[in-house]
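The primary structure of each chain is shown beneath.
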Amino acid sequence: MDKDSTGSMPCPAPFAVDSAAAGLSAVGSAAVDTAATDPSTADPSGASANISKEAPSFSPEDLKYMKAALKQAEKAIAIGEVPIGAVIVYDGKIIARGYNRRNTDKTTLAHAEIACIRKACKKIGDWRLEGCTLYCTLEPCQMCAGAIIQSRIDRVVIGTTSPKSGCGGTLLNILQNPDFNHQADVLYGVLREECTEILQRFFKDLRRRNKERKKMLRLQQAQISEHPVQIQQAQLSSQQPAPHEQEVIRQ
Ligand SMILES: [Zn+2]
């Protein structure tokens, strides 16, 4: 694949992700914010920057490290988070791993790339991460792209693009703005299908669970409207302590 004048690789067409998921409003306390950094909507028109239809070939190293980033994304999915993973490689070794924990940690700072940058800085003992490559399953958002440039990471390898928040060339190109004092080389589309599929899987499952919850809620409401007295009595009796518990209360 040809490099452009900045030394970066052109961005391939983004993979079609489940766009219906963007409108989800999760029911219950485990609500997942599907807006803002939501990667679940792709750009089927292919209107993202620098798109090439050319089938790319990637190095074994890039494939290997993107697989490692995907493993991190699996960790996110295991705790109910939007599956986004990242790793940082320095001198042929992974020195930091991270995955999205935004809802778990209750902070927008808990993005995979930020977690990686924190760990890599600790490992190297410097805020400068020159000579490092960051692999991320999803195109970085504005916060992460800014942190990547601020930490002077040399190279960013991206799995799939994010039309909702991508700042590696889709909405903005923070990673390669010539007015900043640092630009990163960017390679797009490494394991793009896998990086997209994991997001599709997550949002498909989220949609299914939301439908089930709503169905259950409708059933409960229908039962209450049909048998309000019996259900209220049942609810009251279920709130009453059991006989052995009443004895404990009396004591
Ligand atoms: Zn981010």
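Look above for the structure.
Procedures and definitions
- Residues numbered from 1 in each chain as written.
- Predicted model: local features only at pLDDT ≥ 70, side-chain atom pairs only at ≥ 80, totals over all residues.
- Pairing = 2+ DSSP bridges.
- Helix = DSSP H or I, 4+ residues; strand = E, 2+ residues; numbered from the N terminus.
- Axes fitted to C-alpha atoms, helices over the stretch in contact; angles between N-to-C directions.
- Contact = placed C-beta atoms within 7 Å.
- Parallel < 35°, antiparallel > 145°, perpendicular 65-115°, else oblique.
- Nonpolar A, V, L, I, M, F, W, Y, C, P; charged D, E, K, R; others polar.
- Buried ≥ 20, exposed ≤ 12 C-beta atoms within 10 Å, placed from the backbone.
- Right-handed = clockwise from strand over helix to strand, strands pointing away.

**Q** Break down the sheet that holds strand E6 (residues 155-160) for me, with residues and values.
**A** As summarised here, the arrangement of the five strands in space is E4-E3-E5-E6-E7, forming an open sheet in which the pairing is mixed. Each end of this open sheet is capped by a strand with a single partner; those strands are strand E4 (93-99) and strand E7 (185-188). Ignoring strand direction, the axes of neighbouring strands in this sheet form an average angle of 15 degrees. Looking at chain direction, strand E5 (residues 132-138) and E6 are connected through five bridges and run parallel. Bridge pairing in E6 places Tyr135 opposite Val157. Those strands touched by helix H5 (residues 192-226) are E5 and E6, and its axis lies near 60 degrees from that of E6.

**Q** Give me the packing of helix H1 (residues 60-78) against H5: which residues, what numbers.
**A** Running from amino to carboxyl end, H1 crosses H5 at an angle of 5 degrees, the nearest separation of the two axes being 11 Å. Classified by the angle between their axes, H1 and H5 sit roughly parallel to one another. From H1, Leu70, Ala73 and Ile77 reach across to H5, where they touch Glu194, Cys195, Ile198 and Phe202. Looking at side-chain class alone, the contact of H1 with H5 contains six nonpolar, no polar and one charged residues.

**Q** Can you tell me about helix H4 (residues 142-150), naming the residues and giving the values?
**A** All of the buried residues along H4 are Cys144, Ala145, Ala147, Ile148 and Ile149. Of the surrounding secondary structure, the elements contacted by the buried residues of H4 are helix H3 (112-124), E5 and E6. Directly after H4, the chain includes Arg152, whose backbone phi takes a positive value near 60 degrees.

**Q** I'd love a proper account of the environment of Gln200, names of residues and values included.
**A** Note on placement: Gln200 falls in helix H5. Here Gln200 falls in the partly exposed class, since 17 other C-beta atoms lie within 10 Å of it. Separated by 117 residues in the primary sequence, Gln200 and Pro83 place their C-alpha atoms 9.6 Å from one another.

**Q** If you had to explain the pairing of E5 to someone new, which residues and values would you point to?
**A** Burial analysis of E5 places seven of its seven residues in the buried class, which makes it a mostly covered element. Taken together, the five bridges between strand E3 (residues 85-90) and E5 define a ladder with antiparallel strand orientation. When the sheet's bridge partners are listed, Ile88 is paired in E5 with Leu134. In terms of handedness, the path from E5 via H4 over to E6 forms a crossover that is right-handed.

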